[in-house]
Structures are given as structure tokens and as C-alpha cells.
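As a plain string of letters, each chain reads:
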Amino acid sequence: MQRLKDKVAVVTGAGRNIGRAEAMLLAAQGAKLVVNDLGGGPYGTEPGDDSLAEAVAREIREAGGEAVAHCSSVATREGAEAAIARAIDAYGRIDILINNAGIVRPARIDRMTDEDWRLCMDVSLTASFHTCRAAAAHMIGQRSGVIVNTGSPSGFGHWGMSNYSAAKEGLLGFTRSIARDLGEFGIRCNLIRPVSHLTGTYTPEIQDTIDQSARLGLPLLWNRPMAAPRMTALPEHVAALVVWLCTDAAAHISGRDFFIQGDEVALIPEPEAIRTSIHPGGWTLDALDEEANRAYIFGDIPNRFVRQAPPA
Ligand SMILES: NC(=O)c1ccc[n+]([C@@H]2O[C@H](COP(=O)([O-])OP(=O)(O)OC[C@H]3O[C@@H](n4cnc5c(N)ncnc54)[C@H](O)[C@@H]3O)[C@@H](O)[C@H]2O)c1
């Protein structure tokens, strides 16, 4: 069964690993593809190589599908808009947009350069704004469309990854708001937090951040043991969730946040106030001290991060 027959899909960063698996599975399900990838590397500064996107597009065509390559960087407004324009030029519409391109530039906050910050924002957050805005204009006219943005478990908090966490968690707020903007037109938008080993963004510097977290005894991202999965998580596992979210079976799902790693998929809850206290007339410092003594809102919050600082 081809679940996405004749749908038109754009996947950014589809030249390798997760994006490639997403493009291949979309095509196997009958979608016509724009395979975007500038053919760079995980740090965002490597020279481009058109052959990556072209090879994936060729592989899809050789398997009997339809695909064109698009080799611009989505980190610029022109490149991102051109990726959407490529779908309109080639196929006359856009039904599916997967914002997958991503890079990593870990550094502790005091050592993080302007370039580390800007490149992460450009490739993950700003690129998704530009592609979504361009795609939305067409999807609204069509009264249909699906967008999947690529977040990360690092958004839960990750030593040395403040730029990446900010970009990825920014994408989550962006996703929730887009779901609200576009729902009345039958357009859905969700976010996934993938884990896939053996991919480009799993750099030695990322391993250093994990080792450093362990050395400091920090909770590793959230309540799942990221370092000890039951199986090797492959790009194909991520692609299955992403493509399923694009099908009619997921027609009721929008503005949601999912985690996928190998054999585990999880729905992440929306933020909620877990303890609420009212102070008549408004809060003061004394009232907050009293509240802390009651150990309701503040008093029994475990200290997970703060230590007695060693002498400088
Ligand atoms: N691999 C993981 O465990 C993991 C975990 C959390 C989040 N992610 C996210 O999943 C996505 C894919 O990760 P991956 O591990 O497959 O990455 P990867 O580095 O293996 O592949 C990413 C692809 O994106 C392309 N790309 C980078 N910048 C681009 C740009 N400006 N324009 C167009 N293409 C660009 C690269 O050339 C590369 O081919 C990323 O957004 C990443 O942040 C991955």
C-alpha cells in the first residue's frame, strides 16, 4: 500500500542518514521528492558537495520513484525559499515539508563563539522559519499540508549544547504555534526528537559532552537512559515515525512532540503547572520565604546542578 501516493515532499538535509532515510521512505510510499542537501558536514562550515543530494534523488528514481535534487543551503532565506520553489516548479504543489537539516557546535557557554551560536540558529531554527513560511503560503491555498520539524532530546538540557538546545527547543515553541496558525486550513505541524547512532551529528565532541555530563553526575538529558539503548537506533526507525505522521492515520495529531529511538517511541507531554499557590494581593519576598518553608512549591525541589564552587 502506498500511503502517500502523488504527495509532494521536501526533505531538508536529505543527503545522508536521518534525512536520507526519510526521503527514501516517503518515496517508497509514493511521494514525489525534493531532496535538499548542501552536502556539508556536521559543523556547518565544511564546503558543500552537490553529489550527496543528487545520489539520493538518483537512487529514488532508479527504484521507480520521482525525485529532484536541490543543493542550496537552507541556512539562508534564499536557499530555504528555493527548496520550496523547487517543489512548485517540479510538481506544482507541496504537501509535506520535513525540516531535518541540522548541525552541532558544542561548547560550554563561556567558550561558545558568536559563530557557534549563529550557525546553530541559522540551520535549525531560522531555516525552518523560512521553509515553513514559504510552504505555508502554498499549503493554505491547497487547504492541506503536513510539516515535521526536527528537535532533539538535547532540548531537555544538555551540558555544552546551549546553542543547539536553544535552537531545537525554539523549534518546539515554533511548532506549537504553527499548529495553531494553520490548523483551520487543515495543515498539521509536529516535532520529533530523534536519536540515531552512527550518523554525522554524533561527533566526537558530542561524545565529550556526554562524558562530561557523566563526570559531573548530571542527569543525562531526561528520564530515559540515553547512553544505554536496547538496540542500535537507526535512521530508518526515525523515518518510520516521521513518514507515519505525514499519513492520514495521523490526521488528528498536530502541535505534538515525540521522541523516537530505535524500538521506543514516546509522546512528550505539553508543559503544565504541576504545583500552584495563590498569595492574596500578590507575592512578596517574605511571602515567598513562607511558601518555601511550607515545602510546597519550592522547598523540596531537589538540587540537581549547583555545587560548592572550588576556589578559582
Ligand atoms: N543523530 C542523532 O542522534 C540526532 C539526535 C537529535 C537530533 N538530531 C537531528 O536530526 C537531524 C538529522 O541528524 P543526522 O544525525 O542525520 O545528521 P547528519 O549530519 O548525518 O546529516 C545532516 C545532513 O544535513 C545537511 N545539512 C546541514 N546543514 C545544511 C544546510 N544548511 N542546508 C542543507 N542541508 C544541510 C548535511 O549536509 C547532512 O547531509 C538534525 O536536525 C539533527 O540535529 C539527530
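The paragraphs below set out a description of the structure included in this document. (Residues numbered from 1 in each chain as written. Predicted model: local features only at pLDDT ≥ 70, side-chain atom pairs only at ≥ 80, totals over all residues. Heavy atoms only, no water.)

## A closer look at the site of the ligand
Item 1. Close to the ligand lie 30 residues; Asn 17, Asp 37, Tyr 164, Thr 199 and Thr 201 are nearest.
Item 2. Leu 38 places a polar main-chain atom, nitrogen or oxygen, 3.5 Å from a nitrogen atom of the ligand.
Item 3. Note that an oxygen atom of the ligand is positioned 2.9 Å from one of the backbone N or O atoms of Ser 196.
Item 4. Protein burial of the ligand: of its 830 Å² of free accessible surface, 97% is covered by the chains.
Item 5. For the shell around the ligand, the elements supplying multiple residues, two or more each, are helix H1 (17-28), helix H5 (162-182) and strand S6 (187-195).
Item 6. A per-class count over the shell around the ligand returns 11 nonpolar, 16 polar and 3 charged. (Near = heavy atom within 4 Å. Polar contact = N/O pair within 3.5 Å; in protein donor to acceptor, adjacent residues only side chain to side chain. Areas by Shrake-Rupley, 256 points an atom, 1.4 Å probe, with all protein chains shown as cover. Helix = DSSP H or I, 4+ residues; strand = E, 2+ residues; numbered from the N terminus. Nonpolar A, V, L, I, M, F, W, Y, C, P; charged D, E, K, R; others polar.)

## Overview of the environment of Met 24
Item 1. Residue placement: Met 24 occurs in helix H1.
Item 2. Separated by 36 residues in sequence, Met 24 and Ile 60 place their C-alpha atoms 6.6 Å apart.
Item 3. Among residues more than four places away in sequence, those in contact with Met 24 are Val 56, Glu 59 and Ile 60. (Contact = heavy atoms within 4.5 Å.)

## Points about the packing of helix H4 (residues 114-142) against H5
Item 1. Axis separation between H4 and H5 bottoms out at 8 Å; the angle between their running directions is 15 degrees. In terms of axis orientation, H4 runs roughly parallel to H5. Where H4 crosses over H5, the handedness of that crossing is right-handed. Mapping the contact onto sequence places Asp 116, Trp 117, Cys 120, Met 121, Ser 124, Leu 125, Ser 128, Phe 129, Cys 132, Ala 136 and Ile 140 in H4 and Ser 162, Asn 163, Tyr 164, Ala 166, Ala 167, Lys 168, Gly 170, Leu 171, Phe 174, Ile 178 and Leu 182 in H5.
Item 2. Classifying every residue of the contact of H4 with H5 gives 15 nonpolar, 5 polar and 2 charged. (Axes fitted to C-alpha atoms, helices over the stretch in contact; angles between N-to-C directions. Parallel < 35°, antiparallel > 145°, perpendicular 65-115°, else oblique. Left-handed = near helix turned anticlockwise from the far one by under 90°.)

## Structural notes on a nonpolar patch on the surface
Item 1. The grouping of Trp 283, Leu 285, Leu 288, Phe 298 and Ile 301 at the surface amounts to a nonpolar patch, some 500 Å² of accessible area in total.
Item 2. Secondary-structure assignment places Leu 288 in helix H8 (residues 285-293). (Patch = residues over 30% accessible without salt bridge, like charges linked within 9 Å, V, L, I, M, F, W, Y side chains within 5 Å. Salt bridge = Lys/Arg side-chain N within 4 Å of Asp/Glu carboxyl O.)

## Some details on the sheet that holds strand S2 (residues 32-36)
Item 1. Strand order across the open sheet formed by 8 strands is S3-S2-S1-S4-S5-S6-S7-S8, with mixed pairing between neighbours. Either end of the sheet is taken by a strand with one partner, and the two such strands are strand S3 (66-70) and strand S8 (264-267). Neighbour-to-neighbour, the strand axes of this sheet turn through a mean angle of 20 degrees, independent of strand direction.
Item 2. Here 5 bridges tie S6 to strand S7 (residues 257-261), and the two strands are oriented parallel to one another. Each bridged residue has a counterpart across the sheet, and for Leu 191 the counterpart in S7 is Asp 257.
Item 3. Relative to S6, H5 is tilted by about 160 degrees, and along the sheet it contacts strand S5 (145-150), S6 and S7.
Item 4. Each of strand S4 (96-99), S5, S6, S7 and S8 is contacted by helix H7 (residues 235-245), which is oriented at about 170 degrees to S6, the strand it contacts most. (Pairing = 2+ DSSP bridges.)

## Looking at the pairing of S6
Item 1. With 9 of 9 residues buried, S6 is to be regarded as a mostly interior element.
Item 2. Residues Ile 187, Cys 189, Leu 191, Arg 193 and Val 195 line one face of S6 and the alternating positions Arg 188, Asn 190, Ile 192 and Pro 194 line the opposite face, and both faces are buried.
Item 3. Chirality of the crossover, the property in question, places the unit of S5, H5 and S6 among those that are right-handed. (Buried < 20%, exposed > 50% of the residue type's maximum accessible area, 1.4 Å probe, protein only. Right-handed = clockwise from strand over helix to strand, strands pointing away.)

## Re helix H2 (residues 51-62)
Item 1. Between its first and last C-alpha, H2 extends 16 Å over 12 residues, near the 16 Å set by a 1.5 Å rise per residue.
Item 2. Among the residues of H2, those classed as buried are Leu 52, Ala 53, Val 56, Ala 57 and Ile 60. Down the axis of H2, the buried side of the element spans an arc of 130 degrees, and every buried residue falls inside it.
Item 3. Among the structural elements, H1, S2 and S3 are those in contact with the buried residues of H2.
Item 4. Directly beyond the C-terminal end of H2, a positive phi value near 100 degrees is found at Gly 64. (Expected span 1.5 Å × (residues − 1). Arc of directions from axis to C-beta.)

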